[in-house]
Amino acid sequence: MSAHAAMPHHIAIVMDGNGRWATKRFLPRVAGHKQGVESLRRCVKACVARGVGVLTVFAFSSENWNRPADEVSGLMELMVLALGREVPRLCEDGVRLHFIGERGGLSDKIAAGIAQAEAATAHNTRLVFNVCFNYGGRWDIAQAAARLAQQGQPINELSLDRAMALAHVPDPDLFIRTGGEQRLSNFLLWQSAYSELFFSDKMWPEFDEAALDEAIAAFQARERRFGKTSAQVASPDTRKLRTA
Ligand code: IPE
Ligand code: IPE
Ligand code: MG
């Protein structure tokens, strides 16, 4: 078995495949996104039950604005609905919500809903739940660098890390993408440097607890080396002995 039987502290997910899930059932793509919200609710509960500390999901990318107008407006409407409806449930489960992404491009209604939901869940401590919305990994790196430059601060790994949108949580341990594609699509480019990647062929609406457990089990069977050798990882004082 693994050197790593612990639960991943931070799980990040690219929730992909809603559209294909719907099309296969002769439904409009927005019906797939609706089902995707149900799947996300189940996933949040499962993470709470498993003692995962942080869940970060990709809900809408900087590039998703390029989709057909009716799909974009359907996604925005769904977000307004979810923001209005999910807060009591999140509070019951001890979930603290953070929205990550460029707020500038969002409607006043969504911006207000986000601010309200964040404030209403701010006291919760069981799970930190980051929803990346109007987010892109390149946007995040660029906005962090621009802010530091504007403040006359030095730009280095530590300062950039602290200026980025996920500075309040450690880097993801496990990075999952559903929907069968094996790419990052501009999600967490900086923070996933040493994440374990897991690609599932399941479409997001059908990614259930068993599928999550499969991803966690795969993670637990990996050996994370962070640049070291396998021997060093197996016995942490190898390096000390050698340099003594
Ligand atoms: C992911 O599902 C959700 C969003 C990008 C908002 P998709 O809508 O990308 O579904 P597919 O990839 O077309 O099946
Ligand atoms: C990534 O999925 C974005 C989200 C899941 C929100 P996409 O469906 O937009 O990614 P590509 O276009 O297949 O790379
Ligand atoms: Mg997709």
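Look a little higher up for the structure.
Please read all numbers here as calculations on a predicted model, not as lab measurements. (Residues numbered from 1 in each chain as written. Chains lettered and ligands numbered in written order. Predicted model: local features only at pLDDT ≥ 70, side-chain atom pairs only at ≥ 80, totals over all residues. Heavy atoms only, no water.)

## Things to note about helix α5 (residues 137-150)
The end-to-end C-alpha distance of α5 is 20 Å, a good match for the 20 Å that 14 residues give at a rise of 1.5 Å each. Residues of α5 that are buried make contact with β4 (127-135) and α6 (157-163). Following α5 by one or two positions, G152 has its phi on the positive side, about 70°. (Helix = DSSP H or I, 4+ residues; strand = E, 2+ residues; numbered from the N terminus. Expected span 1.5 Å × (residues − 1). Contact = heavy atoms within 4.5 Å.)

## Observations concerning the site of ligand 2
As a structural note, the neighbourhood of ligand 2 is formed by V14, M15, D16, F58, A59, F60, N64, R67, R177, R183 and S185. Interatomic distance of 2.9 Å between a side-chain N/O atom of N64 and an oxygen atom of ligand 2. Within the side chain of R67, one N or O atom sits 3.2 Å away from an oxygen atom of ligand 2. Within the complex, 77% of the 390 Å² of free accessible area of ligand 2 lies under protein. Here the shell around ligand 2 gets 3 residues from one element, more than from any other, and that element is strand β2 (residues 54-61). Taken together, the residues of the shell around ligand 2 sort by class into 5 nonpolar, 2 polar and 4 charged. (Near = heavy atom within 4 Å. Polar contact = N/O pair within 3.5 Å; in protein donor to acceptor, adjacent residues only side chain to side chain. Areas by Shrake-Rupley, 256 points an atom, 1.4 Å probe, with all protein chains shown as cover. Nonpolar A, V, L, I, M, F, W, Y, C, P; charged D, E, K, R; others polar.)

## Some thoughts on the site of ligand 1
The environment of ligand 1 is made up of 13 residues, and the closest members are D16, G19, R20, R29 and R67. Backbone polar atom of N18 to an oxygen atom of ligand 1: 3.1 Å apart, as the coordinates give it. One nitrogen or oxygen atom from the side chain of R29 is found 2.9 Å from an oxygen atom belonging to ligand 1. Expressed as a share of its isolated accessible area of 380 Å², the protein-covered part of ligand 1 is 87%. Looking at the shell around ligand 1, the elements with two or more residues in it are α1 (18-24), α2 (29-50) and α3 (69-92). Across the shell around ligand 1, the residue classes tally to 3 nonpolar, 5 polar and 5 charged.

## Describing the environment of R20
Examined against the element boundaries, R20 turns out to sit in helix α1. On the basis of relative accessible area, R20 is assigned to the partly exposed category, the value being 35%. Separated by 159 residues in the primary sequence, R20 and G179 place their C-alpha atoms 8.4 Å from one another. If sequence neighbours within four positions are ignored, R20 has contacts with R29, G179, E181 and M203. Within the structure, R20 has its side chain in polar contact with the side chain of D16 (distance 3.2 Å). (Buried < 20%, exposed > 50% of the residue type's maximum accessible area, 1.4 Å probe, protein only.)

## Side note on the packing of aromatic side chains
Enumeration according to the criterion identifies 10 aromatic pairs in this entry. Seen in terms of ring centroids, Y194 and F226 are 5.2 Å apart; in terms of plane orientation they differ by 45°. Their pairing is tilted. In this pair, Y194 sits in the loop between β5 (174-177) and β6 (196-199) while F226 sits in the loop between α7 (209-220) and α8 (230-234), placing the two residues 32 residues apart along the sequence. On the accessibility criterion, Y194 (48% relative accessible area) is partly exposed. Overall, F226 belongs to the partly exposed group, its relative accessible area being 48%. (Phe/Tyr/Trp six-rings, centres within 6.5 Å; stacked < 30°, edge-to-face > 60°.)

## Some remarks on the environment of D16
Structurally, D16 is set in the loop between β1 (10-14) and α1. The buried category is assigned to D16, whose relative accessible area is 16%. A C-alpha to C-alpha distance of 16 Å links D16 and E209, two positions 193 residues apart in sequence. Apart from the residues lying within four places of it in its own chain, the contact partners of D16 are R177, T178, G179, E181, K202, M203 and W204.

So far we have only geometry, and geometry alone does not tell us how the molecule works.
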